[in-house]
Amino acid sequence: MSTLRVVLADDQDLFRAGFATILSAEHGIDVVAEAADGAAAVRAAVAHRPDVVLMDMRMPVLDGVAATRQVCERTASRVIALTMYDTDEYLYAALRAGASGFLLKDLPRAELVRAVRVVASGEALLAPAVTRRVIGELHRRGHPSPELTTELARLTPRETDVLRLIAAGRSNAEIAAGWQLSEHTVKTHVGNLLAKLHLRDRAQAVMYAYESGLVVPGRSE
C-alpha cells in the first residue's frame, strides 16, 4: 500500500501538533506539511500535492471555505473540514466548496486515522448529524435547480438508483450486497455517474442528489 500524504492546516498550534503526532505515528501516513492560515494551506497543497488536506474552517488570512475552494480547484487533493461544532456556519459552504467531509476536533484518535484513510480512498465522510444539517440547509433554499435536474438525464436508470443510495449514505459494499452485485461493478457505476455529472467524490454526489431534487428531504426513497 502506498503512503498517504497529508497536509495539516489549523491556526491553533496545539491542535495541529496533536493531529500531526497521531497521524505520523501511523504506518502508511506521512504528514508532509503544516499550515497556520488558509493561504499557507493552499500553498502547501499546491507544492506537495497531498492525498488529503485537514482544513480548519476558522483561520486567518484566508478562511477555511475559501482555502478549500482553491485547493479543490488547483489540485486533486481531498479536503476534510475541521470544526469545533457540528453546527458550524461554514459546514454547508465548505461542502459546496468541495470538501469531502467534516470532522469535529474532539474526535477519538482512531476516528481521525480512519477518516483520513476513508477520504483518501474516495469515500465521503458525512456523519448523520452533519448530513441532516446539510439536508436542512438545502431544504431551506427552496426548489431544486432546473439545470441540475436536466443533467440527471445523462444517467442510466441504474446509475440514478446508485446516486439515490449514495445520498442515503450507503457504501459500495452495502449497495453491492443489496443488489447481489460485485463491489467492483458498483464502483464502476459510481465512477460513471461522478464523471457524467462532473463531481469530485461521493460527498459532492450527496449534495447533487438533494440540490437536483432527485432526493427530497423527508420523503422515503
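Everything below is about the structure shown above.
Being a predicted model, the structure only gives us computed values, none of them experimental.

Trainee: Outline the nonpolar core, listing residues and values.
Mentor: Judged by nonpolar contacts, the single largest core of 29 residues is most densely connected at Val53, Met55, Met57, Val71, Ala94 and Phe102. Among the secondary structure elements, those contributing two or more residues to this core are strand E1 (4-9), strand E2 (29-35), helix H2 (38-48), strand E3 (52-56), helix H3 (64-74), strand E4 (78-83) and helix H4 (91-97). Sequence-distant contacts of Met55, defined by excluding residues within four places in its chain, comprise Ala9, Ala41, Gly64, Ala67, Thr68, Val71, Val79, Ile80, Ala81 and Leu82. Formed by 23 residues, the second largest nonpolar core is a distinct cluster that contains Leu155, Ile166, Ala205 and Leu214.

Trainee: I'd like a rundown of helix H9 (residues 172-179), residues and numbers included.
Mentor: All of the buried residues along H9 are Asn172, Ile175 and Ala176. Around the axis of H9, the buried residues are gathered within 100 degrees of arc, so they sit on the same side. Looking at H9, the residues exposed on the side facing more than 90 degrees away from the buried face are Ala177 and Gly178. At its buried positions, H9 is contacted by helix H8 (157-167), helix H10 (183-196) and helix H11 (202-211).

Trainee: I'd love a proper account of the environment of Lys196, names of residues and values included.
Mentor: Inspection of the secondary structure puts Lys196 in helix H10. A relative accessible area of 29% places Lys196 in the partly exposed class. When the C-alpha positions of Lys196 and Leu152 are compared, they lie 8.9 Å apart, and in sequence the two are 44 residues distant. Filtering out sequence-adjacent residues up to four positions away, Lys196 remains in contact with Arg154, Leu155, Thr156 and Glu159.

Reading guide: rules and limits
Residues numbered from 1 in each chain as written. Predicted model: local features only at pLDDT ≥ 70, side-chain atom pairs only at ≥ 80, totals over all residues. Heavy atoms only, no water. Core = buried A, V, L, I, M, F, W, Y, C linked by side-chain atoms within 4.5 Å. Buried < 20%, exposed > 50% of the residue type's maximum accessible area, 1.4 Å probe, protein only. Helix = DSSP H or I, 4+ residues; strand = E, 2+ residues; numbered from the N terminus. Contact = heavy atoms within 4.5 Å. Arc of directions from axis to C-beta.

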